[in-house]
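Chain and residue survey
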Amino acid sequence: QVQLVESGGGLVQAGGSLRLSCAASGIIFSINAPGWYRQAPGKQRELVTAISRGGSTNYADSVKGRFTISRDNAKNTVYLQMNSLKPEDTAVYYCNVPRSAWQEDYWGQGTQVTVSS
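Notes on the structure in this doc start here. (Residues numbered from 1 in each chain as written. Predicted model: local features only at pLDDT ≥ 70, side-chain atom pairs only at ≥ 80, totals over all residues. Heavy atoms only, no water.)

Turning next to the overall build of the protein chain. For the protein chain, the helix and strand inventory stands at zero helices and eleven strands. Mapped in sequence order, the helices and strands of the protein chain form the string β-β-β-β-β-β-β-β-β-β-β. In summary, the protein chain has a C-alpha radius of gyration of 13 Å against a globular reference of 13 Å for 117 residues, a match within 12%. For the protein chain, the spread of C-alpha atoms along the three principal axes comes to 40 × 30 × 25 Å. Across the 117 residues in the protein chain, those meeting the buried criterion constitute 38%. Accessible surface, the protein chain: about 6,300 Å² in total, of which carbon and sulfur atoms supply 47%. The protein chain carries 11 positive and 8 negative side-chain charges, and their two centres are separated by 4 Å. (Helix = DSSP H or I, 4+ residues; strand = E, 2+ residues; numbered from the N terminus. Rg over C-alpha atoms; globule rule 2.2 N^0.38 Å. Buried < 20%, exposed > 50% of the residue type's maximum accessible area, 1.4 Å probe, protein only. Areas by Shrake-Rupley, 256 points an atom, 1.4 Å probe, with all protein chains shown as cover. Lys, Arg positive; Asp, Glu negative; His and termini not counted. Charge placed at Lys NZ, Arg CZ, Asp CG, Glu CD.)

Structure below.
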């Protein structure tokens, strides 16, 4: 059974930093392409960033230069370092592992990030 467990969310002032963690069991991150999504109130869930098997990364334009995704294969954990946070980064952040077109992706339970102005 696959489990993705996020942690590290919280309340931070604008300009501050947070680091989210996603620990996996039942699946190996190093042979997948995990990523982070977020969903703000009243908005659709959007892709924030992802990291490929080979370690290449991609970022939403809104977070480029501020957020960094990384992976610790030994701990089977993916991280999202978020710097220079803005109020518009406020959302529930979800860890994701994509699957094939006919299978549902794996998702974590989400962790709330709130950035105050």
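A word on the sheet that holds strand 7 (residues 67-72). Spatial strand order, 1-3-8-7: four strands in an open sheet with antiparallel pairing. The sheet is open, and its two edges are formed by strand 1 (3-7) and strand 7, each paired on a single side. Here the average twist between neighbouring strands, direction ignored, is 15°. As paired elements, strand 7 and strand 8 (residues 77-82) share six bridges and run antiparallel to each other. The residue bridging Thr68 from the neighbouring strand is Gln81, located in strand 8. (Pairing = 2+ DSSP bridges. Axes fitted to C-alpha atoms, helices over the stretch in contact; angles between N-to-C directions.)

To continue, consider the layout of surface pockets. Taken as a whole, the largest pocket encloses approximately 180 Å³ of empty space. Lining of the largest pocket is provided by 13 residues; of these, Arg38, Lys43, Glu46, Glu88 and Asp89 occupy positions nearest its centre. (1 Å grid on protein atoms, 1.4 Å probe; cavity = no way out; pocket = protein on both sides within 12 Å on 5 of 7 lines; lining within 4 Å. Points joined across faces, edges and corners; volume = space filled by probe spheres on them.)

Taken as a whole and judged by the stated rule, the model has one disulfide. Each sulfur of the disulfide joining Cys22 and Cys95 lies 2.1 Å from the other. The disulfide joining Cys22 to Cys95 has a torsion of about -85° about its S-S bond and is therefore left-handed. In this pair, Cys22 sits in strand 3 (residues 18-25) while Cys95 sits in strand 9 (residues 91-97), placing the two residues 73 residues apart along the sequence. The same class applies to Cys22 and to Cys95, which are both buried. (Disulfide = S-S within 2.5 Å.)

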